[in-house]
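Each chain, letter by letter, is given below.
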Amino acid sequence: MTVIQQIITVAVVVAGTMLTRFLPFLLFPAGKATPKYIQYLGKVLPPAVFGLLVIYCLRNVSIFKGSHGIPELISIAAVIVLHIWKRQMLLSIAGGTVLYMVLVQTVF
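These notes cover the structure that comes with them. Along each chain, numbering runs from 1 in the same order as the chain's sequence is written. At least 70 in pLDDT is required for a residue's local features to be given in this predicted model, at least 80 for side-chain atom pairs to be given and counted, and no such filter applies to totals for whole chains, interfaces and linings, which use all residues. Only hydrogens and water are set aside when side-chain values are computed; all heavy atoms of the structure are taken into account.

Attention shifts here to the overall build of the protein. A run of H or I in DSSP becomes a helix once it reaches four residues, and a run of E becomes a strand once it reaches two; helices and strands are each numbered from the N terminus. Each helix and strand in the protein was counted, giving 4 helices and 0 strands. Ordering the α and β elements of the protein from the N terminus gives α-α-α-α. Our radius of gyration looks at C-alpha atoms and nothing else; its globule reference is 2.2 Å times the residue count to the power 0.38. Scaling as 2.2 N^0.38, a compact globule of 108 residues should have a C-alpha radius of gyration of about 13 Å, whereas the protein reaches 21 Å, well beyond that. If one aligns the C-alpha atoms of the protein with their principal axes, the spans along those axes are about 50 × 45 × 25 Å. Relative accessibility under 20% of the residue-type maximum defines a buried residue, over 50% an exposed one, and the middle range a partly exposed one, all with a 1.4 Å probe and only protein chains included. When the 108 residues of the protein are sorted by exposure, 8% land in the buried category. Throughout, a contact is declared for two residues whenever any of their heavy atoms are within 4.5 Å. For the protein, long-range pairs separated by at least 24 residues make up 44% of all intrachain contacts whose partners lie at least 6 apart in sequence. Working definition of accessibility: Shrake-Rupley area with a 1.4 Å probe, residue cover restricted to the visible protein chains. Of the roughly 9,100 Å² of accessible surface on the protein, a fraction of 75% belongs to carbon and sulfur atoms.

Together, Tyr37, Tyr40, Leu41, Val44, Leu45, Val49, Phe50, Leu53, Met89 and Ile93 make up an exposed nonpolar region whose accessible area comes to about 920 Å². Listing elements by their share of the nonpolar patch, those giving two or more residues are helix 2 (36-58) and helix 4 (89-107). The element contributing the most residues to the nonpolar patch is helix 2, with 8 residues. On the secondary structure map, Leu45 appears in helix 2. A residue counts toward a patch only above 30% relative accessible area and without a salt bridge, and it is joined to like-charged neighbours within 9 Å or, for Val, Leu, Ile, Met, Phe, Trp and Tyr, to nonpolar neighbours within 5 Å. For this document, the term salt bridge refers to a Lys or Arg side-chain nitrogen within 4 Å of an Asp or Glu carboxyl oxygen.

In this structure, His68 takes a positive phi of about 60° despite not being glycine. Inspection of the secondary structure assignment puts His68 in the loop between helix 2 and helix 3 (70-86). A positive phi angle is found at Arg87, which is not glycine, with a value near 60°. Summarising the element assignment, Arg87 is placed in the loop between helix 3 and helix 4.

What follows concerns the environment of Pro71. If you trace the backbone, Pro71 turns up in helix 3. Given the relative accessible area of 1%, Pro71 is considered buried. With 37 residues separating them in the primary sequence, Pro71 and Phe108 have C-alpha atoms 7.5 Å apart. Apart from residues lying up to four places away in sequence, Pro71 is in contact with Tyr100, Leu103, Val104 and Phe108.

Attention now goes to helix 2. By this rule the span expected of a helix is its residue count minus one, scaled by 1.5 Å. Taking 1.5 Å of rise per residue, 23 residues should cover 33 Å, and helix 2 covers 34 Å from first to last C-alpha, within 8% of that figure. Most pronounced at Val44, the bend in helix 2 amounts to some 30°, and the proline Pro46 follows within four residues. Values of bend correspond, residue by residue, to the angle between axes fitted over the seven residues ending at that residue and the seven starting there.

Attention now moves to the side chain of Ser75. The topology assignment puts Ser75 in helix 3. For Ser75, a relative accessible area of 6% corresponds to the buried category. The residues touching Ser75, leaving out its near neighbours within four places in the chain, are Gly96, Leu99, Tyr100 and Leu103.

We now examine the packing of aromatic side chains. Two numbers describe a pair of aromatic rings. These are the distance of the centres and the angle of the planes. Note on ring pairs: Phe, Tyr and Trp rings are taken, using the six-membered ring of Trp, and paired if centres are within 6.5 Å. Classes follow the plane angle, with under 30 degrees stacked, over 60 edge-to-face and the rest tilted. Per the stated rule, a full pass over the model turns up 0 aromatic pairs. Looking at Arg59, its charged tip hangs above the ring of Tyr56, at a distance of 4.2 Å from the centre. Placement of a positive charge over a ring is assigned whenever Lys NZ or Arg CZ falls within 6 Å of the ring centre and within 35 degrees of the normal to the ring plane. Here the basic side chain of Lys86 rests over the ring of Trp85, its NZ or CZ set 4.5 Å away from the ring centre.

Shown next as structure tokens:
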């Protein structure tokens, strides 16, 4: 990339980032009520995204080959237990990820 192309690329990334940061505040100001469909999306999208991520992460797990999906099941159980126990999403995700990596690297 030339220097001009790099500058244009950085400018476009900055503009896109600023647009995504400021647009919600412009569309939905503080004094105005948030539309019902935006409230609905705020309720249903987070669980839908997590469901999608779970399916994406487990799509290539085969119970008939290799470790038979055991490290994945143990890690999923750990995430559930951690989340029920502490109710902290970051701790649950990090704990399950670390446990999975330890299991895959050392046990299975």
